[in-house]
Amino acid sequence: MSTKDEPPRSKSPAFRDFSIPSSGSGDGGDIMFGNRQLQDEAFTNGQQAQVDGNEDEVDSSVPDSFPPLDYPADFTFSDPVEEEPHANDLHEYTREMALQSNETLQQVEPVIQQELAPMMPENIIRRDERLRVSPCTSQPYRWVCHLIMHTSTRRQYIGTGSFTTLLGRNGPGCILTAGHNLYQHKEGGWITKVDVFPGKDRFKSPLGSFSVTADRLRVSERWRFFQDAEEDYGVIFVPRDVRSPTSEYGFGYQILSDSELRNRVITVCGYPGDKPEGTLWIGGGKVLGVRPKQIDYDTDTKGGQSGSPVWTWNRYNWMVIGIHAYGSDRSNSARRLTKEVVQQVKTWSREMN
């Protein structure tokens, strides 16, 4: 919204005014990696971990899409939760922190490091146009999760994740998020646990909450060993002892071609650290740039929204096309959803059995 003190708004980004579905109503408009301990030891010794398989060898049976699915409206993960304010105990794990300790990347991937130089934390493009979502109990907002990560250094960080049907039917509950939410190089590596609050609204979590320990977390090996921002994605697998849905719950997904992505209207929704604690905010925009592993867009974001779903509206469905992570002075960016990502998540899910 403009004010009297602001200059007249340009008409060129008009799409940003019409890209957000109605809030609150829900109607809107296999590559198997080796043993983790051995790979930790390989990284400690300064060697690249040996990876079984080739990431270019993608299973042709990986579907290009799967629709969103939901449980009954009265479903909850636990009894409703109401928290006390965390005061100053919660922090944002910023882009600078994620890539500050970057000696290994500089030595092994100088070309990638050069490409990452202009990148910055999540950013506001032009004027902040995010809108608050409240309540958060309807589709698709009930699928978006506020995350509180606990590190081995006894610090707590905030982030965002989203339930997805990426595994199809009969898989474990699956939450997509940024890799740097789960594996933080500046804070000792793997977080010890993450508290998950689906559909959180300020201090209230009407859908309940649950915690997930490190054994149910996975991140891209390229992020874990080389801090490769193009591979900064991860997954939280919901424990079986939680009153939880299976993989038949959450956003659908769709793998789109370059031409289908260019100029596509998208939405990003998450829990930013610059807004009141525990509040969900949504922003719309369109895809400005397409790269093999990333997409760039002008949707407003801030720290704490890392891991947010980037979705598009397709055939009356909410379909995730990326996992938000970073930004620059002119755009923000996500890890593009590709068949490689889908295949990797399916491989990780088999480790959960």
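Keep in mind that what you see is a predicted model, and the values were worked out from it rather than measured.

Colleague: Is there a simple way to think about the nonpolar core in this case?
Modeller: Side chains that are nonpolar tend, in soluble globular proteins, to be buried together. Counting 59 residues, the largest nonpolar core has Phe163, Val194, Phe210 and Val345 as its most contacted members. Counting residues per element, this core draws most heavily on strand 20 (residues 317-327), at five residues. When neighbours within four sequence positions are excluded, Phe210 is seen to be in contact with Phe77, Phe163, Ile175, Val194, Asp195, Val196, Pro198, Val238 and Val242. If you look at the next biggest cluster of nonpolar residues, it comprises 11 residues, including Leu256, Leu261, Val290 and Tyr297.

Colleague: How should I be thinking about the pairing of strand 19 (residues 309-314) in this particular structure?
Modeller: Remember that side chains alternate between the two faces of the sheet whenever the strand is regular. Judged by how many residues are buried, strand 19 sits mostly within the fold: five of six residues are covered. For strand 16 (residues 265-270) and strand 19, the ladder comprises two bridges, and the chain directions are antiparallel. When the bridges of strand 19 are listed, Thr267 appears paired with Trp311.

Colleague: Can you help me understand the side chain of Thr312 in this one?
Modeller: On the secondary structure map, Thr312 appears in strand 19. Of the polar contacts made by the side chain of Thr312, one reaches the backbone oxygen of Val265; its length is 3.2 Å.

Colleague: What is the right way to look at unusual backbone geometry in this model?
Modeller: Trans is the prevailing form of peptide bonds, just as negative phi is the prevailing case for residues other than glycine. The amide bond that connects Ser134 to the next residue, Pro135, takes the cis arrangement and shows omega of 0°. Tracing the chain through its elements places Pro135 in the loop between strand 4 (131-133) and strand 5 (144-150). Along the chain, Gln139 connects to Pro140 via a cis peptide bond; the corresponding omega equals -5°. Counting through the fold element by element, Pro140 comes out in the loop between strand 4 and strand 5. Despite not being glycine, Arg202 has its phi angle at roughly 60°, a positive value. Inspection of the secondary structure assignment puts Arg202 in the loop between strand 10 (193-198) and strand 11 (204-205). If you check the backbone angles, Asn263 has positive phi at about 65° while not being a glycine.

Colleague: How should the pattern of salt bridges be read in this particular structure?
Modeller: Where charged atoms from two side chains of opposite charge approach closely, those side chains can pair. As enumerated under the stated definition, the model contains 13 salt bridges in all. With its nearest N and O atoms 2.9 Å apart, the salt bridge here joins Asp201 to Arg132. Of this pair, Asp201 sits in the loop between strand 10 and strand 11 while Arg132 sits in strand 4, placing them 69 residues apart in sequence. Look at Arg132 and you get partly exposed, because its relative accessible area is 37%. With its nearest N and O atoms 2.7 Å apart, the salt bridge here joins Glu351 to Arg218. Linking Glu351 in helix 8 (residues 339-351) with Arg218 in strand 13 (residues 217-219), this pair joins segments that are 133 residues apart in sequence. Residues participating in the shared-partner salt-bridge network are Glu231, Lys293 and Arg335.

Criteria and cut-off values
- Residues numbered from 1 in each chain as written.
- Predicted model: local features only at pLDDT ≥ 70, side-chain atom pairs only at ≥ 80, totals over all residues.
- Heavy atoms only, no water.
- Core = buried A, V, L, I, M, F, W, Y, C linked by side-chain atoms within 4.5 Å.
- Buried < 20%, exposed > 50% of the residue type's maximum accessible area, 1.4 Å probe, protein only.
- Helix = DSSP H or I, 4+ residues; strand = E, 2+ residues; numbered from the N terminus.
- Contact = heavy atoms within 4.5 Å.
- Pairing = 2+ DSSP bridges.
- Polar contact = N/O pair within 3.5 Å; in protein donor to acceptor, adjacent residues only side chain to side chain.
- Salt bridge = Lys/Arg side-chain N within 4 Å of Asp/Glu carboxyl O.

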